[in-house]
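Take a look at the letters that make up each chain.
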Amino acid sequence: MLRQRLRPRMSGAGGVVPAPVPAVLPGAPPPPVPSRLLTWLGRLGAPAAAFAVFQALFGLLPQHLAGEAARYCVAAAAGAGTGAAVWLAAALLHARAAAGARPAAPALAPSPAGSLPELMDGAYTALRRGLSVIDVPGRGPLSGWPHSLAESDPPVHPTAFGTAYGLHLLLDIAPLDGRIRVGEVAETLWRLRLPGGGWAARSQGSGARPEVSAIVLGALARAGADPRLLESEVRSCEALLDPEHDAPGLANTYVVTNVLRGLLRAAPGSAALDGLRTVLVNGATADPARGQHRCWGAALATGRGNPAPSAAHTARAVVALDRAAGVLGEDERQRAVREEGLRWLLAGGAADLDNCQEEVRRPGSDDPLHQELLSVRHFAAAWVARALMTDGAQRVAADGAGASAWEAQLRAAVARVSGMQRGGVWRWEDGPMGHPVWMTYQGLSVLRRYALMVHRP
């Protein structure tokens, strides 16, 4: 079940500001000679210049030049040519002045915390403040994060999900000091492994789930974990993908995209990757409201009907398929479905950027007669921005959707992402559970990617 949320309140200015026109610095070199000549000609005026040249030539031409009419013709032709040149010079000056006065392409309004380095410093401070360091009998010392950055006072038990995203965030920030040890956080993830192998969210009981295991494995791989240890857990994660073991999970877009992205990081040679991509491609559905472009909903499309389209799930699928294409390559059908997902996103509007929430229900791993409920929240603007910043998005826009539509939707998505943070920490809502670690990771990674994309040395 997918629930759409109201548009979040922006915590900072969400508009755009024109770039200032650079002033001439004192002591700067004078403009080049052609510019000074054009300025002089532009000030002279076309009719005055033409008449002046006509008078001068008429007085200078020899009297014996085939009579008075010939002198008039030569002088008039020269005057007309000079007048045209001056008119063109004046038009060129006017065009240059207009171009210099016109504001540059709109830039995102600065976020409340300021620059990207300041946001990264703020996120690192929040990570340090929210770090839970406890000693658990039977597991040893744990150093990680629960679900929320505001949840650890007093220290609470770190979770696999929160610690995995905290590790991802720490690796992105790459702090200049060692007050949080990457090795200790990675070791905590190994200690949080369930007795039977794999990992699960706090609300999922004692049975491993593939979507959480894959996220943890991806974080450990980024942190440089021993490939031999990873290989054993990757095989355990692949075994969880058996439809007889987890049919509801394999019918869910969130689960499949999580596993696909996690395994691409942890085990790019995994035999399960191509099958996961096939499940995702086959799970797309055509949307008549947007040109029959294929998209995704919370549930993958099956013979029982088409799910309601969702921007967050479509963006998740596009990102996963784009990463799979980079590692595995892609055939024509896979590329066509991925590109249709992008066209569907480009045909959307502001409503696509509203956060949403769903519930993933499964039979309980401990007791199949009871249902396991996983509440999943989607940072829609961050996912749309990620999808529009994939390598193929700009090509799709240039191919037909239009570069202006791509730029406008991407700028709107990044502005929404920027506006949902305070001091480098992203907020879903107020309260101790309203500052999820994964949300800060997603928000900061979007702004970092966007800054790299628009940078011009």
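Residues numbered from 1 in each chain as written. Predicted model: local features only at pLDDT ≥ 70, side-chain atom pairs only at ≥ 80, totals over all residues. Heavy atoms only, no water.

**Points about the overall build of the protein**
Part 1: Scanning the protein for helices and strands turns up 17 helices and 11 strands.
Part 2: Going through the 457 residues of the protein one by one, you find that 47% of them count as buried.
Part 3: In the protein, 67% of the contacts between residues at least 6 apart in sequence involve partners at least 24 apart.
Part 4: Accessible surface, the protein: about 21900 Å² in total, of which carbon and sulfur atoms supply 59%. (Helix = DSSP H or I, 4+ residues; strand = E, 2+ residues; numbered from the N terminus. Buried < 20%, exposed > 50% of the residue type's maximum accessible area, 1.4 Å probe, protein only. Contact = heavy atoms within 4.5 Å. Areas by Shrake-Rupley, 256 points an atom, 1.4 Å probe, with all protein chains shown as cover.)

**Considering the pattern of salt bridges**
Part 1: Taken as a whole and judged by the stated rule, the model has 20 salt bridges.
Part 2: Residue Glu211 pairs with Arg362 through a salt bridge whose shortest N-O separation is 2.9 Å. Of the two residues, Glu211 sits in helix H7 (residues 210–222) while Arg362 sits in strand E8 (residues 356–363), which places them 151 residues apart along the sequence.
Part 3: A salt bridge links Glu359 to Arg361; the nearest nitrogen and oxygen atoms lie 3.1 Å apart.
Part 4: Residue classification places Arg361 among the partly exposed positions, given a relative accessible area of 43%.
Part 5: Bridged by salt links that share partners, the residues Arg209, Glu211, Asp246, Arg362 and Glu372 form one connected network. (Salt bridge = Lys/Arg side-chain N within 4 Å of Asp/Glu carboxyl O.)

**What to know about the nonpolar core**
Part 1: Trp199, Leu220, Leu280, Trp296 and Phe379 are the most contacted members of the largest nonpolar core, which totals 104 residues.
Part 2: Ignoring any residue separated from it by four or fewer positions in sequence, one finds Leu220 in contact with Leu167, Ala186, Leu189, Trp190, Trp199, Ala225 and Leu230. (Core = buried A, V, L, I, M, F, W, Y, C linked by side-chain atoms within 4.5 Å.)

**Examining the packing of helix H5 (residues 160–173) against H7**
Part 1: It is at 9 Å that the axes of H5 and H7 come closest, and there the two elements cross at 30°. Overall, the two elements H5 and H7 adopt an arrangement that is roughly parallel. Crossing hand, H5 versus H7: left-handed. Along the contact surface, H5 presents Ala160, Phe161, Ala164, Tyr165, Leu167, His168, Leu171 and Asp172, while H7 presents Val212, Ile215, Val216, Gly218, Ala219, Leu220 and Arg222.
Part 2: Broken down by class, the residue content of the contact of H5 with H7 amounts to 11 nonpolar, two polar and two charged. (Axes fitted to C-alpha atoms, helices over the stretch in contact; angles between N-to-C directions. Parallel < 35°, antiparallel > 145°, perpendicular 65-115°, else oblique. Left-handed = near helix turned anticlockwise from the far one by under 90°. Nonpolar A, V, L, I, M, F, W, Y, C, P; charged D, E, K, R; others polar.)

**Focus: helix H12 (residues 311–328)**
Part 1: For H12, with 18 residues, the first-to-last C-alpha span of 25 Å sits near the 26 Å given by 1.5 Å per residue.
Part 2: Among the 18 residues in H12, 14 count as buried, and that is most of the element.
Part 3: Where H12 begins, the capping side chain belongs to Ser310, and its oxygen is found 3.4 Å from the backbone nitrogen of Ala312.
Part 4: Of the residues flanking the end of H12, it is Gly329, one or two places downstream, whose phi is positive at about 75°. (Expected span 1.5 Å × (residues − 1). Polar contact = N/O pair within 3.5 Å; in protein donor to acceptor, adjacent residues only side chain to side chain.)

**Quick look at helix H17 (residues 437–454)**
Part 1: Over its 18 residues, H17 extends 26 Å from the first C-alpha to the last, a length consistent with the 26 Å expected when each residue adds 1.5 Å.
Part 2: Taken residue by residue, H17 has Val437, Trp438, Met439, Thr440, Tyr441, Gln442, Gly443, Leu444, Ser445, Val446, Leu447 and Tyr450 as its buried positions.

**Quick look at the packing of H5 against H17**
Part 1: Where H5 contacts H17, the axes come no closer than 8 Å and their chain directions differ by 25°. Relative to H17, the element H5 is oriented roughly parallel. In this structure, H5 meets H17 at a crossing whose hand is left-handed. Contacts between H5 and H17 involve Phe161, Gly162, Tyr165, Gly166, His168, Leu169, Asp172 and Ile173 from the former and Val437, Trp438, Thr440, Tyr441, Leu444, Ser445 and Arg448 from the latter.
Part 2: Class assignment of the residues belonging to the contact of H5 with H17 gives a composition of eight nonpolar, five polar and two charged.

**Describing the pairing of E8**
Part 1: Among the eight residues of E8, six are classified as buried, and the element is accordingly described as predominantly covered.
Part 2: Pairing of E8 with strand E9 (residues 371–378), which is carried by eight bridges, proceeds in the antiparallel orientation. When the bridges of E9 are listed, Arg361 appears paired with Leu373. (Pairing = 2+ DSSP bridges.)

**Here's the deal with the environment of Ala317**
Part 1: Along the chain, the position of Ala317 falls in helix H12.
Part 2: When the C-alpha positions of Ala317 and Gly341 are compared, they lie 8.1 Å apart, and in sequence the two are 24 residues distant.
Part 3: What Ala317 contacts, discounting residues up to four positions off in sequence, is Thr257, Leu280 and Trp296.

**As for the side chain of His313**
Part 1: Mapped onto the elements of the fold, His313 is located in helix H12.
Part 2: Separated by 2.8 Å, the side chains of His313 and Ser310 make a polar contact.

**Quick look at unusual backbone geometry**
Part 1: Backbone geometry places Ala174, a non-glycine residue, at a positive phi of 50°.
Part 2: For Ala174, the location among the structural elements is in the loop between H5 and helix H6 (182–191).
Part 3: A positive phi angle, close to 60°, is found at Gln292, a residue other than glycine.

**Overview of the confidence of the model for the protein**
Part 1: Within the protein, residue pLDDT values average 82, and 73% of them lie at 70 or more.
Part 2: Residue range residues 6–35 is modelled with pLDDT below 50. Its contacts to residues more than four positions away, or to other chains, number 33 contacts. (pLDDT = per-residue confidence, 0-100.)

**Details of the packing of aromatic side chains**
Part 1: Tallying each qualifying case throughout the model produces four aromatic pairs.
Part 2: On the numbers, 5.6 Å between centres and 50° between planes, the contact of Tyr165 with Tyr441 is tilted. Linking Tyr165 in helix H5 with Tyr441 in helix H17, this pair joins segments that are 276 residues apart in sequence. Exposure class is identical for Tyr165 and Tyr441. Each is buried.
Part 3: Geometrically, the ring pair formed by Trp190 and Trp199 is tilted, given 6.0 Å between the ring centres and 55° between the ring planes.
Part 4: Judged by relative accessible area, Trp190 falls into the buried class, the value being 14%.
Part 5: Since its relative accessible area comes to 1%, Trp199 is described here as buried.
Part 6: The ring of Trp344 has Arg290 lying over it, and the distance from NZ or CZ to the ring centre is 3.9 Å. (Phe/Tyr/Trp six-rings, centres within 6.5 Å; stacked < 30°, edge-to-face > 60°. Lys NZ or Arg CZ within 6 Å of the ring centre and 35° of its normal.)

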